[in-house]
Amino acid sequence: MEFPFSNTDQNLRQHHDLTIDSTDQIESGAKMYADWASLHDEIQCDRGNQSVLHKFPAAVGREVACSVVKCIAHNLSSAATNDEPSSLEDERDVKWTMEVLCFGLGLPLTEHETINDCVKVYVEWLMSLTQPKPCVPKPVVKDPNPFAQVILHHLLNLFKPRPDCGVDLVKRQALLCHRVLRAIEAVAKESSILTRDTWETLLKFLLAANDSLLSPPTEKDDISDHLCERVLSVLFGIWLTSCNKCFPSPSLWKTFRNMCIYWRHHEALVVQWHKVNHVLTAHMIRTMYGPNYPQLVILEDDAQMVPAEMNSESITQAWFRFLHIVQNPVDLSCPAVVSNTPRFLQHALTNEALLDPSQHECLLKLPTIFFKAMRGVSIMVNAFLGLPQDLKDNLMSSAAPSTRAAVATPSTPPGQRKSAKPMSVLTSSLTSKVSSRSSQALKVAAPAQVNLPVGKISLETRLPFAPTRPQCNSILHLFGAWLFDAALAGVKLHPSHAAPVSKERRTSSFIESKQQSLSMDLHAYHPLGSDNTYERGRAEACGALCRIFCAHKTKEEILPVYYSRFYLIMYYGLQTEEPEISGEVLTSILFNSCDLLRTDLAGVQILTPYILKALELVLSRTSAEFKMSEQISYIELRKACVHLLLSILCLPLHFKDLEIQDILSTTNVVTKEQPRTFLSLKNRIIDLLRIALTNETDPTNTQMLLGGLMLVVQDLATCEETESMTVQPGQDTSDSDVNPEPRASTSSGDSGPHDNVPTSRQSVPPRDLDTAHGLFGHATSLVCNRLMASWKTDLNTALAAMELLAGLAKVTVTPPNILMCKRTVKWICDFIVFQCSRPAPNHSRDLHTLIVAAFKCVQLWLVDHSSLLYDKECLHYVLEVVELGISGTKSQNRASDPPRYKGTKDLMPASMRVKDAAEAVLTCIIDQVGAFPPPCGPESLFSLLDERSLLKYAKGSSLPEQGSPFRYFVIDNSIIVGLLEQPLGNVEDPLPTVTALIRGAFGRHAWTMQLRHSPRTSKISSRAHLADPGRPMPVEDAGTHHNVNHRYFPECVDKINKTNADNSIPPLESLTNEKEKEELDKMKVFIESAASFEDDVSLKASMARQTKPYPDPQTECKPPEICHEYQTARLFLSHYGFLSLESLKEPSNRVCSVPPALVMLDSTNTALFSDLESLDFIPSRDNDTLHVFYVKQNQKTAHDILSNVTSYNCVQPQFLEFLHSLGWPVDVRRHAGWTGHVSSSWKISEPDECEEEDYMTGTGGSLYDGKQQALYWADVSSELAIVVPSPETYRLRTTSSSTLESGHSTLNTSSSTGSSPHSSGLPSSGINISASSPNASPQAPHPSPRLSSSLPYGSSTAGDANLLKPKSLPLDGERLSRMERESPGSPPESGGSNSSTGRPRRLGRQPAAMMGPDTKILVVWLERFQDKDSFPTADLLSVTSTGQETAGTAISSSVPKAAEKDVYIIFIHALQNGLFRVHIHEYEKTQTKMTVAIPLVDGMVVSRRTLGTLVRQTAINICRRRRLESEAYQPPHVRRKLKIQDIVNKYKCSFSAAEFYTALFQDVPR
């Protein structure tokens, strides 16, 4: 007979796929001994155990035997003691003695001494086959094989049951049998002289002994009860030994197989059968699939059953025979079949109390036996699938390959072997071994006994299937017939599934077992349910089948008959109504079917209604209401159900009105609860998701459900949006949501009318869950309520809820649900208040992480729904919680409390992280809410103007030769204000103008301000108010001139009479003498002369005035000239109240070294401008990068994978659609945001710097490799660059790797790259304001010092993102020749020193620390899902460099950090039904308490509409979580604040108030 699985040497060299070509070959396994005669009758009728004494009366024989045996035993003992030869020297004497011994072995147990002596004698004689002793007769020693054959026949009498014996006597008989079995084992293993006849006799003896003991029905404390396990273990062990030394003949194999039918009511048979099966299966797996395949590891004692020298071919042949030795194990579920043996029938006839043989008491163990039989088959199925078994604590390494030894020639000559077509073993097409991770042998344990498992199993501990596993058809060919039969054991089938009852015998062949499994108990459909007596074994079979079908590979074919039978089994196993429900079967199916709906199984969607109904039974309850498996906890069952639920969420909107075919062929039996279309399942699925989320208590399950809820809301909203765009393109779909991302187009499966078929629900009133508007409201309400009620103390669940709410903030619903948006913000604010108000012992880093995440969520909601701040109540909530985060307390705990103002409160925030997060929200409210994206686009929140661009447009186009025209002041130690007093060129009004560059913690802003005293109108300019109106012309007609004599007093004074008082002062003349009179006269003359002179002068002047023109230019009053030169910096500071004496005073508390409120910076220090540039390079938002790869079938090398995206024909069309749904294309040379690499980010090249290159066309995504274009997405808090690496990227990375490594220690500078003034050799009086023009004359000894707004982008190979982040437009036309660091599209440059100076470059700017963890997010598109196991992650990490990997370590530390900390891979596989399967893998991950972020969940099935959005959100959330938990991370605005403080400490001018004012009035260079 020719056996399958030959060519063992070839099997050892290659991986093989165990595939059987046809059903004929399957049937050959079951009928492989049909042409050979069974020896059963020969063994039963054998008279070799009969003695001549049996012909005499029993008393005579007993007397002779007792006397003779006693003497023989005595002589044997004395001869053995004295090493004397036996007295039996003649062969005739030996034969006569053996006749006596044969009779003695059959004596009643009361003659125990005689029986013991017989055993003693025969054991000594049998040992002559190994080491003969002198006490053994010479004829036996000379030729032991014939005598051994006779002895074996005689020893059979010992194993015959003795009825009506006491327990003690039975135990004595058992001890004697054990002694004989030990001797036989020793002979079989140690003897090398056994002939084939002896081997056959030995095997026949064991078969007969087992049949004698095990065939009758088991009775308590009988001999079979004591010897069952031992005699079976010896039989199977010696049979394996015989397979190595003398392979049994086909007749013996058939006899063994037939006789096992009579022993099946013994549990030990199944246990021993599977021991041998597992041992041989372990060898088979190692033989066929090599040492890298996950090995089935068995116990050391069991491993010794297979001789070490047994070759692979013998093992293979023995494996297949032992696999079918008990025929169909499903018969164990049928007591009538098991009891249909002569011994059972005889027992029933002789026992009046037993009416039916199937009612014997020993058959009550059949459910356990059946379970263990199917459990053993399940272990073998798992072994072929490469799944580990949780059956052994200490797993052992697989044994070394057995050495080959010469064995006896097979008993069946080649010419007489059955000419049957052998099983074909197809070689796998895999050309390489599995990866290093999968190559580690997975230890699969098999126990000594298939005992009931004590511990629980979980989904997390189950490793994935082996990549090189055999096809599903191959495993089903081997085990499918048993599994299909067992899965329907005891099931009452529907009449439409019934088949005619087969009257043929039951075999293990595929065809016959199919008929029998469909014809078991099918005489009538019984509505009362099925028999669950054997549900444990049935559950094992169903679980094994589910694992087999879940192991389906992409584009793998499975026979239609297997599909149909499996779906039929699933239909009956998923029944949830009493009494049809089988709890253990349902548990096993749900637990093992996680991947069922996310593999491309043909027609698997037909099971969706039944799976949904089973999910409703589990997820809608908080505890199990049915019998569960002892191995599976309810939490793990719910987790498996959540996986299944995540697989069907997108089906209703994807297939819509597609009808679901009914498994029942008769249409009139359809129940009213069974839906007819996929769309009719939508409400049930959404309602189940809501109920499951409400009832779930496990954090992991809750997070998965939250991801599913986000998927449902996004899918429904996107579906409605696409339909509304088709029907009503002009409808407004959002309140104030500005979403720049492009939407993915709808798949073909989404077209068609939107007919919502109403279905019955589980006692739930109708709600508006049919629309995105209603579902959005219910989702936010549910999550917020659960967050406040149950999730607020669980870190991961609360973070997942925040991620869900952040995702919902960006969902567009029509009409907008403003009320629910307001409530959501209020709930989040209440969450923050609750967490902040918790007692001090509860405050931890995790608690503050939740608060920070909540503040971030509030920020996103306010930006995406800016109309919320127009609501006074909502604004009050937000500002109140911001105040709480910043100060630690509220101004008013209750509305009735008097407010506490900021100046009276102590700042005691929960932590600085919380304070920073609250400040970010406050700044976002002021700066971004209602104004995002800014005019320059979402790629930059900074102003793109800097000193260089402002000076270019300032009046007087020439740049200053010395000094900086900017004055720099620091306000409150947090804001740097650079003031330019020169008006810009577009300002024509001669008004005081100042241009301010304001650098704060949240960015850089440019303001231009004028001091105006008149309103700005379109008709009247400022010059109109400053012009001289002129003097009016004089009027010639002046009127009549009257001469008036002016008096000091009125004329009436002269008429008043004088009094004596008037004369009290005498006249002068009366008081003078003659001499004095003369002098008095002279005085009068002088007075008169002077008066006459004055009159003449007055007359002349009057005449001269009459001759001059009017008005007189010398005396006319004129307005002052308009001032064109202002000290606008002083005016600005003064008008804004910064120049008070209080602001210039040092704080009284000098311990903290806090500078005054207003500080002037030393602008003569050239290093100031380098630090200002460094400040500009610190980002205002977090930036992340997504690297996308495309993997074709069976690709395993990095070069092949990267080459796929070079051509449109090499990728699937959905891949390009997916790329454009992640972000929008940007030209990296004209993009002001993050591009995926620091060398090309945050800068815009001038048109003359950009070489006009035509964009590549017809690519499969390589256009977005970062050289010309990249994909980009941004919101108010995050930037995301999507890069598709190409072969060019890989070449540049590998070529420049040595340059990059050397660049960490030597960084080269060039005068043309705007390097740091510390090393550029600039004159001390000059200020480096911009990089020198490339067109400058080479003879110029010193380039013109100009302010530089950009660093050498390629100089920092350490990858400092902060140094390489200018927010400026290089408007002066300079070329940026600073590409020393490799960008994704830049060629490597050689040379490590300055060409002109030969000096090594030095980095003049310190990087900003606390950048946070380095997280890599890879998105891999798989054509074949199994290729995820061989994806070369380590090789492709080199093309994922962003330049930020070693930020903060190149300068500050001599010891570099670990290169790759966290690597997450999102695998995407397009299913044949148009949906997409997602698998999330953590390639490298820092040990952390946080789980992977949502909305995507491992195993989720996503629609085409939502794939890009969910992948993007997941990537951002993963990076955000890693930053939240990292202690080495600070938010961008905190890093900017610290940098500003560092600049103040380094460059502040320590002036007194007088010196400050003096310096303020000094002019700066113009």
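About the thresholds
Residues numbered from 1 in each chain as written. Predicted model: local features only at pLDDT ≥ 70, side-chain atom pairs only at ≥ 80, totals over all residues. Heavy atoms only, no water. Buried < 20%, exposed > 50% of the residue type's maximum accessible area, 1.4 Å probe, protein only. Helix = DSSP H or I, 4+ residues; strand = E, 2+ residues; numbered from the N terminus. Arc of directions from axis to C-beta. Contact = heavy atoms within 4.5 Å. Pairing = 2+ DSSP bridges. Axes fitted to C-alpha atoms, helices over the stretch in contact; angles between N-to-C directions. Parallel < 35°, antiparallel > 145°, perpendicular 65-115°, else oblique. Left-handed = near helix turned anticlockwise from the far one by under 90°.

Novice: Explanation requested: helix α17 (residues 342–350) in the structure shown.
Specialist: Along α17, the residues classified as buried are F344, H347 and A348. For α17, the arc enclosing every buried residue in end-on projection is 100 degrees, short of the 170-degree limit, so these residues lie on one face. More than 90 degrees from the buried face of α17, the exposed residues found are P342, L349 and T350. Buried residues in α17 make contact with α16 (335–338).

Novice: Please clarify how the sheet that holds strand β11 (residues 1224–1227) should be interpreted in this entry.
Specialist: In a beta sheet, neighbouring strands are held together by backbone hydrogen bonds and run either parallel or antiparallel to one another. Here we have 8 strands laid out as an open sheet, ordered β11-β12-β13-β10-β16-β17-β18-β19, and mixed in their pairing. Either end of the sheet is taken by a strand with one partner, and the two such strands are β11 and β19 (1501–1502). Here strand β12 (residues 1269–1274) runs beside strand β13 (residues 1278–1283); their pairing, made up of 4 bridges, is antiparallel. From the neighbouring strand, W1273 faces β13, where its bridge partner is L1280. The strands touched by helix α43 (residues 1213–1222) within the sheet are β10 (1182–1191), β11, β12, β13, β16 (1415–1422), β17 (1462–1470) and β18 (1476–1484), with β10 carrying the most contacts at an inclination of about 180 degrees.

Novice: Before we go on, may I ask you to explain the pairing of strand β8 (residues 1003–1010) in this structure?
Specialist: Every other side chain in a regular strand lies on the same face of the sheet, so the side chains alternate between the two faces. Bridge count for strand β7 (residues 993–1000) against β8 is 8 bridges, and the pairing is antiparallel. Within β8, the position partnered with L997 by the bridge is A1006. The turn linking β7 back onto β8 is made up of 2 residues.

Novice: What is the right way to read the packing of helix α25 (residues 608–619) against helix α26 (residues 634–648) from this model?
Specialist: Any two packed helices are characterised by the angle at which their axes cross and by the distance between the axes. Running from N to C, α25 and α26 cross one another at 140 degrees; their axes reach a closest spacing of 10 Å. What the angle tells us is that α25 and α26 run oblique. Where α25 crosses over α26, the two elements pack in a sense that is left-handed. Taken together, the residues of α26 that come into contact with α25 (itself represented by T608, I611, L612, L615, V618 and L619) are Y634, L637, R638, C641, V642, L644, L645 and I648.

Novice: Where do I start with the sheet that holds strand β5 (residues 966–971) in this structure?
Specialist: Strand order in the open sheet made by the 5 strands is β8-β7-β6-β5-β9, with antiparallel pairing throughout. Looking at which strands have only one partner, the edges of the open sheet turn out to be β8 and β9 (1158–1160). Here the strands of the sheet are splayed against their neighbours by 25 degrees on average, with no regard to which way each runs. Set on the sheet, helix α39 (residues 1128–1135) makes contact with β5, β6 (975–980), β7, β8 and β9; between it and β6 the angle comes to about 140 degrees.

Novice: Whenever I open this one, the side chain of K553 confuses me. Can you help?
Specialist: Structurally, the position occupied by K553 is in the loop between α22 (535–550) and α23 (560–573). Overall, the relative accessible area of 12% leaves K553 in the buried class. Those residues in contact with K553, other than ones at most four positions away along the chain, are P467, T468, R469, R1424 and Q1426.

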